[in-house]
Amino acid sequence: MGGEKKPQSLGVWPTVKPFVNGGASGMLATCVIQPIDMIKVRIQLGQGSAGEVTKNMLKNEGFGALYKGLSAGLLRQATYTTARLGTFKILTSKAVEANDGKPLPLYQKALCGLTAGAIGASVGSPADLALIRMQADATLPAAQRRNYSNAFNALYRIVADEGVLALWKGAGPTVVRAMALNMGMLASYDQSVEFFKDSLGCGEGATVLGASSVSGFFELTLKSGGPFKFYTGFPVYCVRIAPHVMMTWIFLNQIQKAGEISRVVVSCRDESAAMSQAIKIMAFGCGVAVLINRTDE
């Protein structure tokens, strides 16, 4: 009808949305799992068992030590997870269109995961470096500690002292590893969703929980070198990796279901405002983490 108004296009938002949702879900999962991640790092640095590490950290450094490096962890999710989950969603959507709307075979999902992992690791490598250095800093002799105040301070000082390229130290092996991890994690999740929903007839909750559990197992197995490779820190590694993957998928599902982020952007009147809201959403978690880290100085 001539009098009907066509809905205005949201411009780039449909493309940006998977990235924002993916990053937000990863950041929420990190806020929950950060203490376990911190304990895992200390165990791998040879400071004792999980119980000993936790006891010594609380006694000598206080409760805030469990969240040391949170800003870097959130920044990593805002870069790495944003890039990999967003890229995977875009790639699989394009592949489904090319496949006339039919479900993708497993090998195509694996290729999409492989590509998403490479892109995510390349983007997230600087934040990963900052996270590792911040978590390991307290284990160094006092004279050698860098005492980064937050992730952004760490990135600034790395660039100032070592040059911009230092942000990608060890990026090569990291990218290769991320390609393998995401090939297993992302493809297994998508394939499991189809299996639980279509083959078993499970409801939404059971499907998400089951698929995220399978995805977490695949990432844990690939990341640890095998389910029976009990090297230092493996038990805590199990507690940290699988739940983080599961929570990331569960948070992502809830974000998509509720559509909270989408409604914020839909309420905007133009594309520039939509982009501004998306940036604010992703920056919020990092900003809060910076304040948390500053209070612990």
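Residues numbered from 1 in each chain as written. Predicted model: local features only at pLDDT ≥ 70, side-chain atom pairs only at ≥ 80, totals over all residues. Heavy atoms only, no water.

Student: Residue-level account of the overall build of the chain, with values.
Tutor: Helix and strand content of the chain: ten helices and zero strands. N-terminal to C-terminal, the α/β element order of the chain is α-α-α-α-α-α-α-α-α-α. Taking all 297 residues of the chain together, 45% fall into the buried category. Long-range pairs, those at least 24 residues apart, make up 77% of the contacts in the chain between residues at least 6 apart in sequence. When the accessible area of the chain is evaluated, it comes to approximately 15100 Å², of which 63% is carbon and sulfur surface. (Helix = DSSP H or I, 4+ residues; strand = E, 2+ residues; numbered from the N terminus. Buried < 20%, exposed > 50% of the residue type's maximum accessible area, 1.4 Å probe, protein only. Contact = heavy atoms within 4.5 Å. Areas by Shrake-Rupley, 256 points an atom, 1.4 Å probe, with all protein chains shown as cover.)

Student: Give me the environment of I33: which residues, what numbers.
Tutor: Among the structural elements, I33 can be located in helix α1 (residues 13-44). Linking I33 and I241, residues 208 residues apart in sequence, is a C-alpha distance of 8.9 Å.

Student: Go over the nonpolar core, please, and point to the residues and values.
Tutor: Formed by 14 residues in total, the largest nonpolar core has its most connected members in A72 and I158. Mapped by element, the contributors of at least two residues to this core are α3 (70-98), α4 (106-136) and α5 (151-162). Not counting the four nearest positions on each side in its chain, I158 is found in contact with L129, R133, Y148, G163, A166 and L167. With 13 residues, the next largest nonpolar core counts L85, C112, M185 and L252 among its residues. (Core = buried A, V, L, I, M, F, W, Y, C linked by side-chain atoms within 4.5 Å.)

Student: Before we move on, can you summarise the environment of T92 with the specific residues and values?
Tutor: Mapped onto the secondary structure, T92 falls in helix α3. Its relative accessible area of 8% is what places T92 among the buried residues. Between the C-alpha atom of T92 and that of D190, which follows or precedes it by 98 residues, the distance is 9.8 Å.

Student: Report on the side chain of N253, specifying residues and quantitative values.
Tutor: By the secondary structure assignment, N253 is in helix α8 (residues 234-258). The exposure class of N253 is buried, given its relative accessible area of 15%. In contact with N253, other than residues within four places in its own chain, are E204 and V208.

Student: Report on unusual backbone geometry, specifying residues and quantitative values.
Tutor: Negative phi is the rule for most residues except glycine; trans is the rule for most peptide bonds. In this structure, D100 takes a positive phi of about 60° despite not being glycine. Inspection of the secondary structure puts D100 in the loop between α3 and α4. By relative accessible area, D100 is classed as exposed at 67%. Its identity as a non-glycine residue notwithstanding, N147 has a phi of 55°, on the positive side. Following the sequence through the fold, N147 ends up in the loop between α4 and α5. A residue is classified by how much of its surface remains accessible, and N147, at 53% relative accessible area, is exposed.

Student: Kindly report on the pattern of salt bridges, identifying the contributing residues and their values.
Tutor: Inspection of every chain in the model, using the stated rule, returns five salt bridges. The residue E61 makes a salt bridge to R42 at a minimum N-O spacing of 3.1 Å. In this pair, E61 is assigned in the loop between α2 (50-60) and α3 and R42 in helix α1, connecting sequence segments 19 residues apart. When the shortest N-O distance is used, the salt bridge between D128 and R76 registers 2.7 Å. Of this pair, D128 sits in helix α4 while R76 sits in helix α3, and the two are 52 residues apart along the sequence. Here D128 matches R76 in class, with each residue buried. Members of the salt-bridge network, linked through shared partners, are R133, E162 and K169. (Salt bridge = Lys/Arg side-chain N within 4 Å of Asp/Glu carboxyl O.)

Student: How would you sum up helix α6 (residues 171-199)? Please name residues and give values.
Tutor: With 29 residues, α6 extends 40 Å between its outermost C-alpha atoms, agreeing within 8% with the 42 Å of an ideal straight helix rising 1.5 Å per residue. Positive backbone phi, at 70°, marks G201, one or two positions downstream of α6. (Expected span 1.5 Å × (residues − 1).)

Student: Which residues make up the environment of V164, and what are the values?
Tutor: Relative to the assigned elements, V164 resides in the loop between α5 and α6. Along the chain, V164 and P126 lie 38 residues apart, while their C-alpha atoms are 9.6 Å from each other.

Student: Lay out the packing of aromatic side chains with the relevant residues and their values.
Tutor: Counted according to the given criterion, the structure contains three aromatic pairs. The interplanar angle of 50° and the centroid separation of 6.1 Å between the aromatic rings of F63 and Y67 together place this pair among those described as tilted. According to the relative accessible area criterion, Y67 is partly exposed, its value standing at 22%. Their ring planes at 0° and their centres at 3.8 Å tell us that Y189 and W249 sit as a pair that is stacked. Pair noted here: Y189 is in helix α6 and W249 is in helix α8, with a separation of 60 residues, a long-range link. Of the two residues, Y189 and W249, neither departs from the other in class, the shared state being buried. (Phe/Tyr/Trp six-rings, centres within 6.5 Å; stacked < 30°, edge-to-face > 60°.)

Student: How would you summarise a nonpolar patch on the surface if you had to cite specific residues and measurements?
Tutor: Side chains of V159, V164 and W168 sit close together on the surface and give an oily, nonpolar patch of about 240 Å² of accessible area. You can see V159 is positioned in helix α5. (Patch = residues over 30% accessible without salt bridge, like charges linked within 9 Å, V, L, I, M, F, W, Y side chains within 5 Å.)

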